[in-house]
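What follows is each chain in one-letter form.
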Amino acid sequence: MTDNHVHIGQFKDVFYDPLEITEIVLSSGMEGMSFSSTSSCKDGIQYSKIEKEIGNLLSCVPYTVKKIKPFFWYNPDYIHQNITIESAFDTIPYKGIKIHPLAHKWDFDNTLHMEVLHHLFHYASMHNLPILIHTGLNGVDNADRFERFINEYHNAQCILAHCRPLDITINMLSKYNNVYCDTAFVPETDITKIISAGFRKKIILGSDFPITHFYRTKYPQPGENPTISLREKYAEDITGWEKLENGNVI
């Protein structure tokens, strides 16, 4: 199995060490992981710091891009840093793209934003790459927010992270052959509904680790252990994944 939704780096007030996160994931029995850096969400972040963070991890033995696959998390601020997808892929062997409409406020009325989005989806379509798209319940990150691009760029493999809202996610899975969803922060009841709708093979395994650990320790629910270790939390995150292994198509 592969965990297709992992993070490294700074998340709010916690820094998750790339080597520690990678060791925990791979030592759990995972064959590999796809990851991006949450440091990409820091105010004023320079892409050079993200490049260094990911490059340092990839240079560590025995990890290779066959096991740990970095995703290029595009921040609209990179427009003004003259960072293009081509320049990023020239220096880091990225295996996918990530976009986060809530964190980065993609503006469809902004010509520069639209040009970049078309370029990202075009590049993904030309190279048959996955695009991991954050979805949520805030309107700006509904599962159909980028439908115009999904419809136009048929070879871009679009993964709707978190499946939110569920009804829109299922509709998108139904309408487009190039749309998938992942299991990150998705309740088991929602996964069951997606399977019942006939889309088991479109479910991509993904944990969102260690963000799961952040919320458990910072905002525990009644009865939850707030002192759980990273390793213990990851073991909990992937419990039951064997049942969904055949749905992991990417």
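Our structure is the block above this text.
Quick caveat, the model's predicted, so the values are computed rather than measured.

A. View of the packing of helix α9 (residues 211-218) against helix α10 (residues 230-237). For the pair α9 and α10, the least separation of the axes is 9 Å and the interaxial angle reads 110 degrees. Between α9 and α10, the crossing angle belongs to the class labelled roughly perpendicular. Note that α9 runs across α10; the crossing there is right-handed. On α10, the residues touching Thr-212, His-213 and Arg-216 of α9 are Leu-230, Lys-233, Glu-236 and Asp-237. In terms of residue class, the contact of α9 with α10 is built from one nonpolar, two polar and four charged.

B. Region of interest: the sheet that holds strand β9 (residues 203-204). As summarised here, the arrangement of the nine strands in space is β2-β1-β3-β4-β5-β6-β7-β8-β9, forming an open sheet in which the pairing is mixed. What marks the edges here is a single partner per strand, and that holds for β2 (14-16) and β9. Bridge count for strand β1 (residues 2-11) against strand β3 (residues 32-37) is five bridges, and the pairing is parallel. Counted as the bridge partner of Ile-8 is Ser-37 from β3.

C. Molecular detail of the pattern of salt bridges. Under the defined criterion, the tally for this structure stands at seven salt bridges. Between Lys-218 and Asp-13 there is a salt bridge, with the nearest N and O atoms lying 3.1 Å from each other. Of this pair, Lys-218 sits in helix α9 while Asp-13 sits in the loop between β1 and β2, placing them 205 residues apart in sequence. Residue classification places Lys-218 among the partly exposed positions, given a relative accessible area of 38%. Overall, Asp-13 belongs to the exposed group, its relative accessible area being 55%. Residue Glu-147 pairs with Lys-175 through a salt bridge whose shortest N-O separation is 2.5 Å. Here the residue Glu-147 occupies a position in helix α6 (residues 147-152), and Lys-175 occupies one in helix α7 (residues 166-175), the gap between them amounting to 28 residues. For Glu-147, a relative accessible area of 19% translates into the label buried. Residue Lys-175 is classed as partly exposed on the basis of its relative accessible area of 46%.

D. Main features of the side chain of His-100. Within the fold, His-100 resides in the loop between β5 (96-99) and α4 (101-104). What makes His-100 buried here is its relative accessible area of 11%. With residues up to four places along the chain from it excluded, the contact list for His-100 reads Trp-73, Lys-105, Trp-106 and His-134.

E. Molecular detail of the pairing of β1. Among the 10 residues of β1, nine are classified as buried, and the element is accordingly described as predominantly covered. Where β1 folds back on β2, the antiparallel hairpin that results is connected by two residues, among which Lys-12 adopts a positive phi of roughly 55 degrees.

F. Quick peek at the packing of aromatic side chains. The tally for this structure, following the rule as stated, stands at 23 aromatic pairs. Relative to Phe-72, the ring of Tyr-47 has its centre 5.7 Å away and its plane inclined at 80 degrees; by these criteria the two rings are edge-to-face. Taken as a pair, Tyr-47 in helix α2 (residues 47-58) and Phe-72 in strand β4 (residues 68-73) lie far apart in primary sequence, 25 residues in all. Taken as a pair, Tyr-47 and Phe-72 share a single burial class, namely buried. Measuring from centroid to centroid gives 5.5 Å for Tyr-74 and Tyr-78, while their planes differ by 80 degrees, and the two rings are edge-to-face. Taking the relative accessible area as the measure of exposure, Tyr-78 reaches 0% and is therefore buried.

G. Representation of the pairing of strand β6 (residues 130-134) in the model. Taking burial as the measure, the five residues of β6 include five buried ones, the bulk of the element. Both faces of β6 are covered, namely the face carrying Pro-130, Leu-132 and His-134 and the face carrying Ile-131 and Ile-133. Direction of pairing for β5 relative to β6: parallel, over a ladder of three bridges. Opposite Ile-99, over in β6, you have Ile-133 as the bridge partner. In this structure, β6 lies alongside strand β7 (residues 157-161), joined through five bridges in parallel fashion. Bridge pairing in β7 links Ile-133 to Leu-160. Between the parallel pair β6 and β7, the chain is carried across by α6, and the sense of this crossover is right-handed.

The rules behind the values
- Residues numbered from 1 in each chain as written.
- Predicted model: local features only at pLDDT ≥ 70, side-chain atom pairs only at ≥ 80, totals over all residues.
- Heavy atoms only, no water.
- Axes fitted to C-alpha atoms, helices over the stretch in contact; angles between N-to-C directions.
- Helix = DSSP H or I, 4+ residues; strand = E, 2+ residues; numbered from the N terminus.
- Parallel < 35°, antiparallel > 145°, perpendicular 65-115°, else oblique.
- Left-handed = near helix turned anticlockwise from the far one by under 90°.
- Contact = heavy atoms within 4.5 Å.
- Nonpolar A, V, L, I, M, F, W, Y, C, P; charged D, E, K, R; others polar.
- Pairing = 2+ DSSP bridges.
- Salt bridge = Lys/Arg side-chain N within 4 Å of Asp/Glu carboxyl O.
- Buried < 20%, exposed > 50% of the residue type's maximum accessible area, 1.4 Å probe, protein only.
- Phe/Tyr/Trp six-rings, centres within 6.5 Å; stacked < 30°, edge-to-face > 60°.
- Right-handed = clockwise from strand over helix to strand, strands pointing away.

These values are about where atoms sit, not about what they do.
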